[in-house]
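The chain contents come next:
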Amino acid sequence: MTKAIEDVVKSDLCTGCGLCAGMFFSPAARMEIDAKGYARPQQTRQLTVEESGDFANSCPGIRLEHTVRDETFLPLWGPVKRSQTGFAVEQDIRYKGSSGGGLSALAIYLLESGKVDGVLHIAPSDTEAFANIAQISRTRADVLRGAGSRYAPASPLVALENCLQEPGVFAFIGKPCDVAALRAISRRRATVAEKFPILMSFMCAGTPGFKGTEAVVRAMGLEPEKTIRFRYRGNGWPGKARAETAEGKVGEMDYDSSWGNILNRHLQFRCKICPDGTGEFADVTCADAWYGNDKGYPTFEESDGRSLVLSRSTKGMQLVNDAVEAGYLAVADLPIEDIERMQPYQADRKRMVAARLFGRKLALRKIPKYIQMGLLKLSLNSSKKRLLRNSIGTWLRSLNDK
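Bear in mind that the values here come from a model prediction, so they are computed numbers and not experimental data.

*Asks:* Please give an account of the pattern of salt bridges that cites residues and values.
*Replies:* Evaluation of the coordinates by the stated rule reveals 25 salt bridges. Measuring nitrogen to oxygen at the nearest pair gives 2.6 Å for the salt bridge that ties Arg 145 to Asp 126. Separated by 19 residues along the polypeptide, Arg 145 in helix 6 (residues 140–145) and Asp 126 in the loop between strand 7 (118–124) and strand 8 (132–137) bring together distant segments of the chain. On the basis of relative accessibility, which here comes to 69%, the residue Asp 126 falls in the exposed class. With a closest N to O distance of 3.0 Å, Glu 252 and Arg 242 form a salt bridge. Here the residue Glu 252 occupies a position in strand 13 (residues 250–253), and Arg 242 occupies one in strand 12 (residues 241–245), the gap between them amounting to 10 residues.

Quick look at the structure:
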């Protein structure tokens, strides 16, 4: 019997995915928002030996592992069978999505074609302006209700056992760590693999706590406690953050200001040592296919949404093909080398992960096990000065952990 869940939280390695609160028929944890504004499990009972094995091999705060790597595996991006850009053919879906509506279009296609009976993903709460809920979508309207990025704690896997108790099969959309957790538990439990035949992800630069959202609202000149509706992005590309209060006041902020100047300063620690911001364990990953300026750096001017679409498995490639043929998605091939121009942050972060882990170890802090992720090769081909700077920075921050 162990308190393994509690140990992950104390080590500051929790991603807040909710797997531990949803993977056992008799719940071993419940998700709560801690003092820093992050979603964290509160362990309610000890785990059995069998449960401990499942948790230790599935929790992304403990372990990430590619068990199979073939010629399509790229150290920087993980498995990529096909690289494309695209957008939802239906304008309403394209407009409401955070990028080109790629994931929403795929989810709606899966539902309307009868390939799945539901889609498990995150949607905004009906009762709390900033909160996210795990939602099972069964219709186009359900999917669109959850369209748009949610830059705040989200724990979609709390609904895992609920889905297992329902008839039919489901697709899943989540953060890379959510998908990695679901993929890992699927390897150990055939019932989970059968229930979730399609896993989809978006690229993630990290999860800010709710204090980040509150800071955005205050920067708009509004009061968080009076906010009744809040949207981080969507309704355009990249779309603006928008807050509405009970008094009828409205505040807006462009993406570069909300994310670039505020939200990214409130990331949980585990995200800073994450080797998978790009959804390497998914069947399909979508992201912003940013247009670059003359120096290749993304610009964030409002325009028609465009999704980066990475098919990572044969199953994922077939899904994209089917959605295109059915008229839900439009795509164009993209050279692999262009991905970095669209997502330079993701490329830079993965190159520095090994150095950050080294700094963490020097401070005698626990780190996750990252296996077959390509981190060593990336480090050997990176700037030694930058690697050293990242190691020292992580070491100093870790020494100051409280």
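Now, onward.
*Asks:* Got a sec to walk through the sheet that holds strand 11 (residues 227–231)? Specific residues and values, please.
*Replies:* On the basis of which strands lie adjacent, the open sheet formed by 3 strands has the order 11-12-13 and antiparallel pairing. Of all the strands in the sheet, the pair left with one neighbour each is strand 11 and strand 13. Looking at each pair of strands side by side, their axes are set apart by 15° on average, direction ignored. One ladder, built from 4 bridges, connects strand 12 with strand 13; its direction is antiparallel. Residue pairing in the sheet places Arg 242 in a bridge with Glu 252 of strand 13. Along the sheet face, helix 10 (residues 210–219) touches strand 11, strand 12 and strand 13 and points at about 105° away from the line of strand 11.

*Asks:* Provide a residue-level description of the pairing of strand 13, including the pertinent values.
*Replies:* Across the two faces of strand 13 the burial differs, with Gly 251 and Met 253 buried and Val 250 and Glu 252 not buried at all. Counting the residues in the hairpin turn of strand 12 and strand 13 gives 4 residues, including Gly 248, whose phi is positive at 90°.

*Asks:* Any details on the side chain of Asp 288? Residues and values, ideally.
*Replies:* Relative to the assigned elements, Asp 288 resides in strand 14 (residues 284–288). The class of Asp 288 is buried, set by a relative accessible area of 12%. Reaching out from Asp 288, the side chain makes a polar contact with the side chain of Trp 237 at a distance of 2.7 Å. Setting aside residues up to four positions removed in sequence, Asp 288 forms contacts with Ser 98, Ser 99, Arg 233, Trp 237, Arg 306, Leu 308, Met 342 and Gln 343.

*Asks:* Pulling in residues and values, what's your account of a nonpolar patch on the surface?
*Replies:* Side chains of Phe 358, Leu 362, Leu 388, Ile 392, Trp 395, Leu 396 and Leu 399 sit close together on the surface and give an oily, nonpolar patch of about 660 Å² of accessible area. Breaking the nonpolar patch down by element, the ones donating at least two residues are helix 15 (344–362) and helix 17 (384–399). If you trace the backbone, Trp 395 turns up in helix 17. You can call Trp 395 partly exposed: its relative accessible area is 31%.

*Asks:* Got a sec to walk through the pairing of strand 6 (residues 82–88)? Specific residues and values, please.
*Replies:* Of all 7 residues in strand 6, 5 are buried; the element is thus mostly enclosed. As paired strands, strand 6 and strand 15 (residues 307–311) are joined by 5 bridges and run antiparallel to one another. Bridging from a neighbouring strand, Arg 82 pairs with Ser 311 of strand 15. Pairing analysis gives 5 bridges linking strand 6 to strand 16 (residues 329–333), with the strands arranged antiparallel. Each bridged residue has a counterpart across the sheet, and for Gly 86 the counterpart in strand 16 is Val 331.

*Asks:* Break down the packing of aromatic side chains for me, citing the residues and quoting the values.
*Replies:* Under the definition given, this model contains 13 aromatic pairs. Consider the rings of Tyr 151 and Tyr 232, whose centres lie 6.1 Å apart with planes at 85°: the pair is edge-to-face. Placement of Tyr 151 in the loop between helix 6 and helix 7 (160–165) and of Tyr 232 in the loop between strand 11 and strand 12 is noted, with a sequence separation of 81 residues between them. When sorted by exposure, Tyr 151 lands in the same class as Tyr 232, which is buried. Seen from their ring centres, Phe 230 and Tyr 232 are 4.7 Å apart, and the 75° between their planes marks the pair as edge-to-face.

*Asks:* Would you mind going over the packing of helix 15 against helix 17 in detail, with residue names and values included?
*Replies:* To describe two helices that pack against each other, one gives the angle between their axes and the distance between the axes. At their nearest, the axes of helix 15 and helix 17 sit 7 Å apart, and the two run at 45° to each other. One way to sum up the angle between helix 15 and helix 17 is to call them oblique. Of the two possible hands of crossing, helix 15 and helix 17 adopt the one that is right-handed. Contacts between helix 15 and helix 17 involve Asp 348, Arg 351, Met 352, Ala 355, Arg 356, Phe 358, Gly 359, Arg 360 and Leu 362 on the former and, on the latter, Arg 386, Leu 387, Asn 390, Ser 391, Thr 394, Trp 395 and Ser 398.

*Asks:* Please give an account of the packing of helix 5 (residues 102–112) against helix 13 (residues 314–325) that cites residues and values.
*Replies:* It is the contact of helix 5 with helix 13, at a shortest axis distance of 10 Å, that shows an interaxial angle of 80°. The angle between the axes of helix 5 and helix 13 places the two elements in the roughly perpendicular class. Each of Leu 106, Tyr 109 and Leu 110 in helix 5 lies in contact with helix 13, whose residues at this interface are Leu 319, Val 320, Asp 322 and Ala 323. Grouping the amino acids of the contact of helix 5 with helix 13 by side-chain chemistry returns 6 nonpolar, no polar and 1 charged.

Definitions and limits used
Residues numbered from 1 in each chain as written. Predicted model: local features only at pLDDT ≥ 70, side-chain atom pairs only at ≥ 80, totals over all residues. Heavy atoms only, no water. Salt bridge = Lys/Arg side-chain N within 4 Å of Asp/Glu carboxyl O. Helix = DSSP H or I, 4+ residues; strand = E, 2+ residues; numbered from the N terminus. Buried < 20%, exposed > 50% of the residue type's maximum accessible area, 1.4 Å probe, protein only. Pairing = 2+ DSSP bridges. Axes fitted to C-alpha atoms, helices over the stretch in contact; angles between N-to-C directions. Contact = heavy atoms within 4.5 Å. Polar contact = N/O pair within 3.5 Å; in protein donor to acceptor, adjacent residues only side chain to side chain. Patch = residues over 30% accessible without salt bridge, like charges linked within 9 Å, V, L, I, M, F, W, Y side chains within 5 Å. Areas by Shrake-Rupley, 256 points an atom, 1.4 Å probe, with all protein chains shown as cover. Phe/Tyr/Trp six-rings, centres within 6.5 Å; stacked < 30°, edge-to-face > 60°. Parallel < 35°, antiparallel > 145°, perpendicular 65-115°, else oblique. Left-handed = near helix turned anticlockwise from the far one by under 90°. Nonpolar A, V, L, I, M, F, W, Y, C, P; charged D, E, K, R; others polar.

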